[in-house]
Amino acid sequence: MDLMDAIKGRRSIRKYKPDPVPEETLQIVLEAVRLAPSWANTQCCEVIVLKDSKVKSRLATALPNTNPALSSVTEAPIVLVLCGIKGISGFYKGQPRTEKGDWLMFDIGLAMQNLCLAAHGLGLGTVVVGNFNHQKAAEILGVPQNIEVVAMTPLGYPISAGGAPKRKEISEFVFYEKYSGK
Ligand SMILES: Cc1cc2nc3c(=O)[nH]c(=O)nc-3n(C[C@H](O)[C@H](O)[C@H](O)COP(=O)(O)O)c2cc1C
């Protein structure tokens, strides 16, 4: 698939077929995570792969009932939970390099986007899920204090994709030579 076609065609998928994802296909998606860029190649990203329906159901209790992705966490054959090792991305000799502190959210975002695009290229659906109780998710999955649970995505074959939500025009968010937004 052409890269721009993949970028244009990827949609958040919230309805999944129960069909299993072959292990080789899962490994390609994980390879896309492995190859994502990171601060000074610090590679803070870690992934928890969930296939057990009991574990997925427990994890779903960390999502608010209002989250439109709630049912996809139990319905998709796989859920991937992306975590970040704290205190390495954006750090040098234990000290933050910038006033922004830990860049793990940024690095996990890059890894997640690689994941979503690779999955789409393989005919799989994903939806980034960030609205949940992260502390509860960490307890359910046994994630220690030095690791931050950031986001999860179901992974599976889509039943249907929604329409493309409207995006801003380029002219609405791109400025030349100096910031000229409102
Ligand atoms: C950081 C982040 C967190 C998100 N959290 C959720 C979520 O908790 N539940 C959900 O249904 N969608 C979530 N989304 C998906 C967005 O709603 C979706 O990407 C956006 O509406 C654009 O739609 P598209 O992905 O089809 O282009 C999240 C997306 C991002 C990038």
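For the structure, check the block above.
Just so you know, these numbers come straight off a predicted model, no measurement behind them. (Residues numbered from 1 in each chain as written. Predicted model: local features only at pLDDT ≥ 70, side-chain atom pairs only at ≥ 80, totals over all residues. Heavy atoms only, no water.)

**Side note on the side chain of Ser-38**
Within the fold, Ser-38 resides in the loop between helix H2 (23-34) and strand E1 (45-50). Taking relative accessible area as the criterion, Ser-38 reaches 18% and is therefore assigned buried. Of the polar contacts made by the side chain of Ser-38, one reaches the backbone nitrogen of Gln-43; its length is 3.0 Å. With near-sequence residues (within four places) excluded, Ser-38 lies in contact with Gln-43 and Asp-107. (Helix = DSSP H or I, 4+ residues; strand = E, 2+ residues; numbered from the N terminus. Buried < 20%, exposed > 50% of the residue type's maximum accessible area, 1.4 Å probe, protein only. Polar contact = N/O pair within 3.5 Å; in protein donor to acceptor, adjacent residues only side chain to side chain. Contact = heavy atoms within 4.5 Å.)

**Some details on the site of the ligand**
In the region of the ligand, 14 residues are neighbours, and Arg-11, Ser-12, Arg-14, Asn-67 and Arg-167 sit closest. In this structure, Arg-10 approaches the ligand through a side-chain N or O atom, which is 2.9 Å from an oxygen atom. A distance of 2.7 Å separates an oxygen atom of the ligand from a polar side-chain atom of Arg-11. For the ligand, the accessible surface in isolation is 620 Å², of which the surrounding protein chains cover 62%. In terms of residue class, the shell around the ligand is built from 6 nonpolar, 4 polar and 4 charged. (Near = heavy atom within 4 Å. Areas by Shrake-Rupley, 256 points an atom, 1.4 Å probe, with all protein chains shown as cover. Nonpolar A, V, L, I, M, F, W, Y, C, P; charged D, E, K, R; others polar.)

**Here's the deal with the pattern of salt bridges**
Scanning the model with the defined rule gives 2 salt bridges in all. For Glu-23, the salt bridge goes to Lys-51, with nearest N and O atoms at 2.9 Å. Highlighted residues: Glu-23 in helix H2 and Lys-51 in the loop between E1 and helix H3 (53-60), separated in sequence by 28 residues. Between Glu-31 and Arg-34 there is a salt bridge, with its nearest N and O atoms 2.8 Å apart. With a gap of 3 residues between them, Glu-31 and Arg-34 both fall in helix H2, about one helical turn apart. The class for Glu-31 is partly exposed, based on a relative accessible area of 33%. A residue is classified by how much of its surface remains accessible, and Arg-34, at 55% relative accessible area, is exposed. (Salt bridge = Lys/Arg side-chain N within 4 Å of Asp/Glu carboxyl O.)

**A word on the nonpolar core**
Within soluble globular proteins, side chains that are nonpolar generally end up buried alongside one another. Within the largest apolar cluster, 24 residues are counted, with the highest numbers of intra-cluster contacts made by Leu-59, Val-81, Val-149 and Met-152. Residue assignment for this core shows that the elements contributing at least two residues are H3, strand E2 (78-85), helix H6 (134-141) and strand E5 (147-155). Beyond its immediate stretch of four places on either side in the chain, Val-81 contacts Glu-46, Val-47, Ile-48, Leu-50, Leu-59, Leu-141, Val-149, Ala-151 and Met-152. Formed by 20 residues, the second largest nonpolar core is a distinct cluster that contains Val-29, Cys-44, Ile-108 and Leu-124. (Core = buried A, V, L, I, M, F, W, Y, C linked by side-chain atoms within 4.5 Å.)

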